[in-house]
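Residue-level listing of the chains:
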Amino acid sequence: MAQRQTFAPDSAEIERLADAAIRRLPERFRRLLDGVVLRVEEFADEDVLSELGIEDPFDLSGLYSGRPVGERSSMLSGELPSMIHLYRRPLLDEWAESGVGLEDLITHVIVHEAGHHFGFSDEDMHAIEAEAEA
């Protein structure tokens, strides 16, 4: 019988799961994430929530920030690297409420945050997730 996890994963564990999720993604999608920094935080900060018009910090489990691949340039000095932010507490709440595996949820958030940023359709993103599960 498999042993069940009885504690909430910390930020380091969420990051480990996210790194593993990225490694499972199809190569064509992983290439888009080259140089993208993965950052795990408890919640989005107030400025981000305000900018997005979100009142409840539990309503945002992830966010992609940065320039799309075609707009990146080494000439833009001083600019922060593109990032995928994963918000630990909202992820854990969604995990507990949805019954979806945490690894699957993290994969979903990464694919959708980056996918929307790069202009992928929902159909494209579902196909990418399905490939990651295979």
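Residues numbered from 1 in each chain as written. Predicted model: local features only at pLDDT ≥ 70, side-chain atom pairs only at ≥ 80, totals over all residues. Heavy atoms only, no water.

### Thoughts on the packing of helix H1 (residues 11-24) against helix H5 (residues 102-117)
So the rule is basically this: Angular values range over 0 to 180 degrees, each being the angle between N-to-C directions of two axes fitted as lines to C-alpha atoms, with helices fitted over their stretch in contact. Helix and strand definitions follow DSSP, with helices as H or I runs of at least four residues and strands as E runs of at least two, each counted in order from the N terminus. Our angle categories are set so that under 35 degrees counts as roughly parallel, over 145 as roughly antiparallel, 65 to 115 as roughly perpendicular, and the remainder as oblique. Take the far helix as the reference: if the near one is turned anticlockwise from it by less than a right angle, the crossing is left-handed, and if turned clockwise, right-handed. Residues are treated as being in contact if the distance between any of their heavy atoms lies within 4.5 Å. Three categories are distinguished: nonpolar for Ala, Val, Leu, Ile, Met, Phe, Trp, Tyr, Cys and Pro, charged for Asp, Glu, Lys and Arg, and polar for the others, with Gly belonging to the last.
At a closest axis distance of 9 Å, the pairing of H1 and H5 adopts a crossing angle of 65 degrees. Here H5 runs roughly perpendicular to H1, going by the angle between their axes. Crossing angle aside, the handedness with which H1 passes H5 is right-handed. Judged by residue contacts, Ile14, Leu17, Ala18, Ala21, Ile22 and Arg24 of H1 engage Leu102, Glu103, Ile106, Thr107 and Ile110 from H5. Classifying every residue of the contact of H1 with H5 by side-chain character gives eight nonpolar, one polar and two charged.

### Comments concerning the nonpolar core
The following threshold applies: Buried residues of nine kinds, namely Ala, Val, Leu, Ile, Met, Phe, Trp, Tyr and Cys, make up a nonpolar core once their side-chain atoms join them within 4.5 Å. For the exposure calls, accessible area comes from a 1.4 Å probe over protein chains only, and a residue counts as buried if that area is under 20% of its type's maximum, exposed if over 50%, partly exposed in between.
In this structure, Leu25, Leu33, Ile84, Leu86, Ile106 and Ile110 are the most contacted members of the largest nonpolar core, which totals 28 residues. The set of elements that each furnish at least two residues to this core consists of H1, strand E1 (37-41), strand E3 (83-87), helix H4 (88-98), H5 and helix H6 (122-133). Here this core takes seven residues from H5, the largest share from any one element. In this structure, Ile106 is in contact with Ile14, Leu17, Ala18, Ala21, Leu86 and Leu91, ignoring residues within four places of it in sequence. Within the second largest apolar cluster, five residues are counted, among which are Ala44, Leu49, Leu60 and Tyr87.

### Remarks on the side chain of His85
Put simply, the rule is: Any N or O atom pair separated by 3.5 Å or less is treated as a polar contact, with the protein-specific requirement of one donor-capable and one acceptor-capable atom, and with residues adjacent in sequence counted only for side-chain atom pairs.
Position of His85 relative to the elements: it lies in strand E3. One polar contact links His85 to Glu41, side chain to side chain, over a distance of 2.8 Å. Beyond its immediate stretch of four places on either side in the chain, His85 contacts Arg39, Glu41, Ser61, Gly62, Leu63 and Ser65.

### Some words on the pairing of E3
Quick reminder of the rule: Strands were regarded as paired on the criterion that DSSP finds at least two bridges between them.
Most of E3 is tucked away, with five of its five residues classed as buried. Taken together, the five bridges between E1 and E3 define a ladder with parallel strand orientation. Each bridged residue has a counterpart across the sheet, and for Arg39 the counterpart in E3 is His85. By the bridge criterion, four bridges tie strand E2 (residues 62-65) to E3 in an arrangement that is antiparallel. Within E3, the position partnered with Gly62 by the bridge is Leu86.

### Remarks on the environment of Leu38
Note on placement: Leu38 falls in strand E1. On the basis of relative accessibility, which here comes to 17%, the residue Leu38 falls in the buried class. Expressed as a C-alpha distance, the spacing of Leu38 and Met83, which sit 45 residues apart in the sequence, is 5.7 Å.

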